Amino acid sequence: MKTEAKAVVIGGGIVGVSTLYHLARKGWGDEVVLLEKGELTSGSTWHAAGLLPLFNMSYSVGQLHRYSVELYQQLEAETGQDVGFRKVGNLRLAMNQDRMDEYHQYAATAKTIGVNVRFLTPDEVGGLWPMCVTDGLVGAILHPDDGYIQPADLTQALARGARARGATIHRNTTVLGIEQTDSGRWRVVTPDGEIHCEHVVSATGNYARRTGAMVGLDIPVMPVQHQFIVTEPHPELVARRDRGEPEMAVLRESDGSWYLREENGGFILGPYEKGAPCCYVDGPRPDAEYELFQEDIDRLVPHIEAAIARVPAFGEVGFKKVYNGAIAYTPDGNPIVGPAWGLDNFWLNEGHSFGITAAGGAGWQLAEWIVDGEPTVDMLGVEPRRFGDYVSKAYLMAKNEEAYASVFTIHFPDEERPAGRPLRTAPCYGRMKERGAVFGQKFGWERPNWFATDGMAPEDDWSFRRSHWFEAVRREVDNVTNRVGLLDMTSFAKCRLSGPRAEAFLDGFVANRLPAKRGGIALCHALSPGGGIHSEFTICRESADSFYLVSAGAWQRLDHDYLLRQLRRFTEGDRSVQFTQLSGALGVLVLAGPQARTLLGRVTDADCSDAAFPWLSAREIVVGMAPVKAMRVNYVGELGWELHHPLEYQNHIFDALFKAGDDLGLQPFGIRAMDSMRFEKSYRMVGTEMSIEYSALESGMDRFVRLDKGAFTGREALLAQRDAGLKNRLVTLEVIDVDDADALGNNALSCDGEVIGRATGGNFGFRVEQSLALGMVRPEFAEMGQALEIEILGRNYPARVIPDSPFDPGNHRLRTGSDADD
Ligand SMILES: Cc1cc2nc3c(=O)[nH]c(=O)nc-3n(C[C@H](O)[C@H](O)[C@H](O)COP(=O)(O)OP(=O)(O)OC[C@H]3O[C@@H](n4cnc5c(N)ncnc54)[C@H](O)[C@@H]3O)c2cc1C
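These notes cover the structure that comes with them. Quantities reported herein were computed from a predicted structural model and do not represent experimental measurements.

1. Notes on the overall build of the chain
Scanning the chain from terminus to terminus reveals 19 helices and 35 strands. For the chain, whose C-alpha radius of gyration is 27 Å, the value lies close to the compact-globule estimate of 28 Å for 822 residues. When the backbone C-alpha atoms are referred to their principal axes, the chain occupies close to 85 × 65 × 50 Å. The buried share of the chain, reckoned over its 822 residues, is 63%. In the chain, of all internal contacts separated by at least 6 residues, the share reaching a separation of at least 24 is 73%. Distance from the positive charge centre (84 side chains) to the negative charge centre (112 side chains) of the chain: 4 Å.

Written out as structure tokens, the structure is:
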């Protein structure tokens, strides 16, 4: 056995082997080793049904799936191994308008990433699937280019391709321990010896938590039981074959939560049942190989009945075998692909529930990341650091069972799933609830999304269109615009960097200049080496050697991990910069609106005048009797302050504000109102308008990028892009003639029938009474007034490029609280 390698991949399922293959393809062939404790595919891969559904609502995952399906078709020519790819297509039925909306929203993503789809009428469904009853259908979506594959053969083909490039595979070799040595290299321990390497990739499927425990990681993966039924042959299917008729597409009745495909003249039925339990809760037995569980027919019955109603022939055949195996899950159902937090050069390719489909793309992008330092696709949707410490074993059990049962539910953009909630609540949670808050959840935190007032039921009404909360949000925006509102943003990620070299470190970490004066605030971006925006921080200088950093709550682990990685390299272990985690210790209440100054002035002795407390400055003040760091910034474009405070004072501050703010019209507002207002200001958000897929210049963040300040991460790439010219431009769009739906993101933007970009997000702007979108377009389509078309839920609407910040472009209101400078 080799004792030295550049990378060791642990796990010989489809995901590990694909990672090995792609590392080899990146030129590391002779220096990569895969260790598998049993035989290749002996985990979950051998019993997978082999379906390759391209359908996925996530922009990241969709691109991984598309790549896989393209790659798999080329493997036989490359390796000589038949992978059994059957391009039969994939037909998803819709039984209601919401489902059709979901398909249209998905189809827009598909268009922007180059996946081919077609919409069918019920009659066309009958033509393609003559054995299918079309009653009750409103339509269907067809992917002509996907189908199914033989997972074991596919794994062998990738293994062949990897070996042909020099990679080594050791079967029957269990990894017993993984340690990082003082030099930063890894020591991987097996019964046959040790391998020292630079990088370790964990691709251990149902063993993910066990593998993570070897290096102190609590990996948010836990499998759920998943079943499928293989039937005896059906005479009609056999006859179709005999007549030389083509195999029918994989059929999915999303509303019945099952799929059906042909298999050797019979059927395979795969349901996603409610109540399927988590399994291997404490990890599989070390010797668990080719393991199946006892089938649970009772759980399958509703789906069997639904399938028989749709395809009566399915009820006419006996069951040959029921497979019940473990399928890895994460709380949101997407895999985790990328770097592990807190460790250098330890990579995760885990949590795959559609692992046969995703393996090609996930291996490809992980290899890019490992070898080149960053992926080429925006991987936020599968980013391992999107979860945090709040994910306990009990939480995983609740959420993963929910994620499994939700595979076929309608994926509404405003969906907020209930399991494992409430978990993290700010002290003002109860007070917000009394005022009608309808909560959503981010990074485990409960946050008011909107407020049910005027007799409305405090219940969500998820939709792809404007739903009943639309008018409630209008009232919240109106109150913030004309009076004053309060938003709970306790979920923000917060930390402090201090020490003699804190400034020098931060200066090289972010692209903007740091605030020079004590109490100064600057919006700063940490870029990827390629010049894309990785993280956005509001940075406040507290003193000569102390900085307070605030970033998006959803990305706490990601942002802090990115910072700490660079910090480790910068300090090389000295104590010149200290990082203090403050996220859970400090709460944030955002006060915004023209009356914000009057109200704040009533509860503090501090001078809140513009001269004493200007925009982009922070002061330590006392509100009522509570210590508060008040920061004059917000994300809604109105006069206002973020009030950062030790959590235990939150209700004192809340009550002081509401007591003093009654006659000024103080009302709470939620995340959805904030989102509407940020579009009116063209404020970008990490993950949509700002990502590593686009450079900071393409995202139009030029004014926050100081190319002349000296070295910082991403600077060289930006200089090169500036000289070469940009490929994209972020524009603000007004969307014309829509009356019941706004852009949700990933909408195709076209001109004269040609797709020239994609909307990254959209919303209705109540202050400008206009549907708005932000979008990335080719630069030649970014001129003011450029007419475009935007696809929203299957219809094209006219759109026009307009100047940024359609509301209050001069920023008078956030400076003065009124429409003109005082
Ligand atoms: C019934 C069923 C049907 C499915 N159908 C589909 C489908 O149609 N389409 C689809 O895309 N997906 C499907 N899946 C999901 C798919 O099977 C998985 O997503 C995929 O196989 C995961 O691959 P993997 O490589 O991550 O995990 P695995 O195949 O489980 O591989 C992990 C490997 O790691 C090894 N390992 C673990 N610990 C160690 C260690 N310490 N040392 C060495 N080796 C170790 C294990 O032995 C194992 O071989 C299905 C799953 C089930 C249960």
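2. Considering the pattern of salt bridges
For the structure on display, the rule yields 66 salt bridges. Arg-474 is the partner of Glu-471 in a salt bridge, and the nearest nitrogen-oxygen pair spans 3.0 Å. You can see Glu-471 and its partner Arg-474 sitting in helix α12 (residues 469–482), three residues apart, about one turn around the helix. Arg-474 gets classed as partly exposed once you look at its relative accessible area, which sits at 26%. The shortest N-O distance in the salt bridge between Arg-678 and Glu-689 comes to 2.9 Å.

3. So, the pairing of strand β35 (residues 795–802)
Bridge count for strand β30 (residues 729–735) against β35 is four bridges, and the pairing is antiparallel. Looking at β35, one finds that Thr-732 is bridged to Ile-802.

4. With respect to the pairing of β30
Burial of β30 is extensive: six of the seven residues sit out of reach of the surface. In this structure, β30 lies alongside strand β33 (residues 770–777), joined through seven bridges in antiparallel fashion. If you follow Val-735 over to β33, its bridge partner there is Ser-771.

5. Some words on the environment of Ala-720
When you line up the elements, Ala-720 lands in helix α18 (residues 715–724). The spacing of Ala-720 and Ala-340 is 380 residues in sequence and 30 Å in space, taken between C-alpha atoms.

6. As for helix α16 (residues 650–661)
For α16, built from 12 residues, the straight-helix expectation of 16 Å at 1.5 Å per residue is met to within 8% by its first-to-last C-alpha distance of 16 Å. By the criterion of burial, α16 is predominantly enclosed, with nine of the 12 residues buried. Along α16, the residues that are buried comprise Gln-650, Asn-651, Ile-653, Phe-654, Ala-656, Leu-657, Phe-658, Ala-660 and Gly-661.

7. Things to note about the sheet that holds strand β20 (residues 493–498)
Here five strands make up an open sheet; going across it, the order is β21-β22-β23-β20-β24 and the pairing antiparallel. Strand pairing shows two members of the sheet lacking a second neighbour, β21 (521–527) and β24 (578–581), which therefore form its edges. Sheet twist, expressed as the mean angle between neighbouring strand axes with direction ignored, is 30 degrees. Pairing of strand β22 (residues 533–543) with strand β23 (residues 546–551) involves five bridges; the strand directions are antiparallel. By the bridge assignment for β23, Cys-540 is matched with Tyr-548.

8. Brief notes about the sheet that holds strand β31 (residues 747–751)
Around the barrel, six strands lie side by side as β30-β33-β32-β31-β34-β35; this closed barrel has antiparallel pairing. The mean inter-strand angle of the sheet, taken between neighbouring strand axes irrespective of direction, is 40 degrees. Here strand β34 (residues 787–792) runs beside β35; their pairing, made up of six bridges, is antiparallel. When the bridges of β35 are listed, Glu-791 appears paired with Asn-796. Across the sheet, helix α17 (residues 671–680) is in contact with β32 (754–765) and β33; its angle to β32 comes to roughly 125 degrees.

9. Some words on the nonpolar core
In this structure, Leu-75 and Leu-154 are the most contacted members of the largest nonpolar core, which totals 62 residues. Where this core is concerned, the elements lending two or more residues are β1 (4–10), α1 (14–28), β2 (32–35), α2 (59–79), α3 (97–113), α5 (151–164) and α9 (355–372). Here Leu-75 is in contact with Tyr-21, Gly-80, Gln-81, Val-83, Leu-154, Ala-157 and Leu-158, once residues within four sequence places are set aside. Core analysis: the next-biggest nonpolar cluster, separate from the first, contains 50 residues, Leu-51, Val-175, Tyr-329 and Phe-346 among them.

10. Concerning the packing of α1 against α2
It is the contact of α1 with α2, at a shortest axis distance of 14 Å, that shows an interaxial angle of 75 degrees. With respect to their mutual orientation, α1 and α2 come out roughly perpendicular. Touching Tyr-21, His-22 and Arg-25 of α1 are Tyr-67, Leu-71, Leu-75 and Glu-78, all from α2. Across the contact of α1 with α2, the residue classes tally to four nonpolar, one polar and two charged.

11. Thoughts on the packing of aromatic side chains
Applying the stated criterion across every chain yields a total of 30 aromatic pairs. Between Phe-267 and Phe-314, the ring centres sit 5.9 Å apart and the planes meet at 70 degrees, which makes this aromatic pair edge-to-face. Here Phe-314 lies in the loop between α8 (297–310) and β14 (319–327) and Phe-267 lies in strand β13 (residues 266–271), a separation of 47 residues in the sequence. Take Phe-314: its relative accessible area is 1%, and that puts it in the buried class. Geometrically, the ring pair formed by Tyr-272 and Tyr-404 is tilted, given 5.0 Å between the ring centres and 40 degrees between the ring planes. Placement of the pair is Tyr-272 in the loop between β13 and α8 and Tyr-404 in helix α10 (residues 393–405), with a sequence separation of 132 residues. Tyr-404 carries the same exposure label as Tyr-272, and that label is buried. Every member of this aromatic cluster is reached through a ring pair, and the members are Tyr-272, Tyr-329, Phe-354, Tyr-404 and Phe-408. Its guanidinium or amino end placed over the ring of Trp-469, Arg-672 lies 4.4 Å from that ring's centre, counting from NZ or CZ.

12. Here's the deal with the site of the ligand
Near the ligand there are 36 residues, and of these Glu-36, Ser-44, Thr-45, Leu-51 and His-352 occur at the shortest range. Contacts to the ligand include Lys-37, whose backbone N or O atom sits 3.0 Å from a nitrogen atom. At 3.1 Å from an oxygen atom of the ligand is found a main-chain nitrogen or oxygen belonging to Ile-356. Protein chains bury 97% of the 1000 Å² of accessible surface belonging to the ligand in isolation. Every element with two or more residues in the shell around the ligand is listed here: α1, β10 (224–231), β14 and α9.

13. Some details on the packing of α1 against α5
It is the contact of α1 with α5, at a shortest axis distance of 8 Å, that shows an interaxial angle of 25 degrees. On the basis of the axis angle, α1 is roughly parallel to α5. For the crossing formed where α1 meets α5, the hand is left-handed. Packed against α1, whose contacting residues are Ile-14, Val-17, Ser-18, Leu-20, Tyr-21 and Ala-24, the element α5 presents Leu-154, Thr-155, Leu-158, Ala-159, Gly-161 and Ala-162 at the interface. Each residue belonging to the contact of α1 with α5 can be placed in one class, and the counts come to nine nonpolar, three polar and no charged.

14. Overview of the side chain of Lys-494
Tracing the chain through its elements places Lys-494 in strand β20. For the buried Lys-494, which has no salt bridge, the nearest side chain bearing the opposite charge is Asp-488, at an N-O separation of 8.2 Å. Here the side chain of Lys-494 touches Thr-490 through a polar contact of 2.8 Å, landing on its backbone oxygen. A polar atom in the side chain of Lys-494 sits 2.7 Å from the backbone oxygen of Ser-583. In this view, Lys-494 contacts Tyr-548, Leu-549, His-560, Thr-580, Gln-581, Leu-582, Ser-583, Leu-586 and Val-588; residues no more than four positions away in its chain are not counted.

15. Some words on the side chain of Ser-682
With respect to the helices and strands, the residue Ser-682 is situated in the loop between α17 and α18. For Ser-682, a relative accessible area of 4% translates into the label buried.

16. Quick notes on unusual backbone geometry
Looking along the chain, the bond that leaves Arg-421 and enters Pro-422 is cis, with omega of -10 degrees. Examined against the element boundaries, Pro-422 turns out to sit in the loop between α10 and α11 (429–434). A positive phi angle, close to 75 degrees, is found at Thr-41, a residue other than glycine. Within the fold, Thr-41 resides in the loop between β2 and α2. In the Ramachandran plot, Asp-454 falls in the positive-phi region, its phi being about 55 degrees despite a non-glycine side chain. Within the secondary structure, Asp-454 is located in the loop between β18 (445–451) and α12.

Conventions used here
- Residues numbered from 1 in each chain as written.
- Predicted model: local features only at pLDDT ≥ 70, side-chain atom pairs only at ≥ 80, totals over all residues.
- Heavy atoms only, no water.
- Helix = DSSP H or I, 4+ residues; strand = E, 2+ residues; numbered from the N terminus.
- Rg over C-alpha atoms; globule rule 2.2 N^0.38 Å.
- Buried < 20%, exposed > 50% of the residue type's maximum accessible area, 1.4 Å probe, protein only.
- Contact = heavy atoms within 4.5 Å.
- Lys, Arg positive; Asp, Glu negative; His and termini not counted.
- Charge placed at Lys NZ, Arg CZ, Asp CG, Glu CD.
- Salt bridge = Lys/Arg side-chain N within 4 Å of Asp/Glu carboxyl O.
- Pairing = 2+ DSSP bridges.
- Expected span 1.5 Å × (residues − 1).
- Axes fitted to C-alpha atoms, helices over the stretch in contact; angles between N-to-C directions.
- Core = buried A, V, L, I, M, F, W, Y, C linked by side-chain atoms within 4.5 Å.
- Parallel < 35°, antiparallel > 145°, perpendicular 65-115°, else oblique.
- Nonpolar A, V, L, I, M, F, W, Y, C, P; charged D, E, K, R; others polar.
- Phe/Tyr/Trp six-rings, centres within 6.5 Å; stacked < 30°, edge-to-face > 60°.
- Lys NZ or Arg CZ within 6 Å of the ring centre and 35° of its normal.
- Near = heavy atom within 4 Å.
- Polar contact = N/O pair within 3.5 Å; in protein donor to acceptor, adjacent residues only side chain to side chain.
- Areas by Shrake-Rupley, 256 points an atom, 1.4 Å probe, with all protein chains shown as cover.
- Left-handed = near helix turned anticlockwise from the far one by under 90°.

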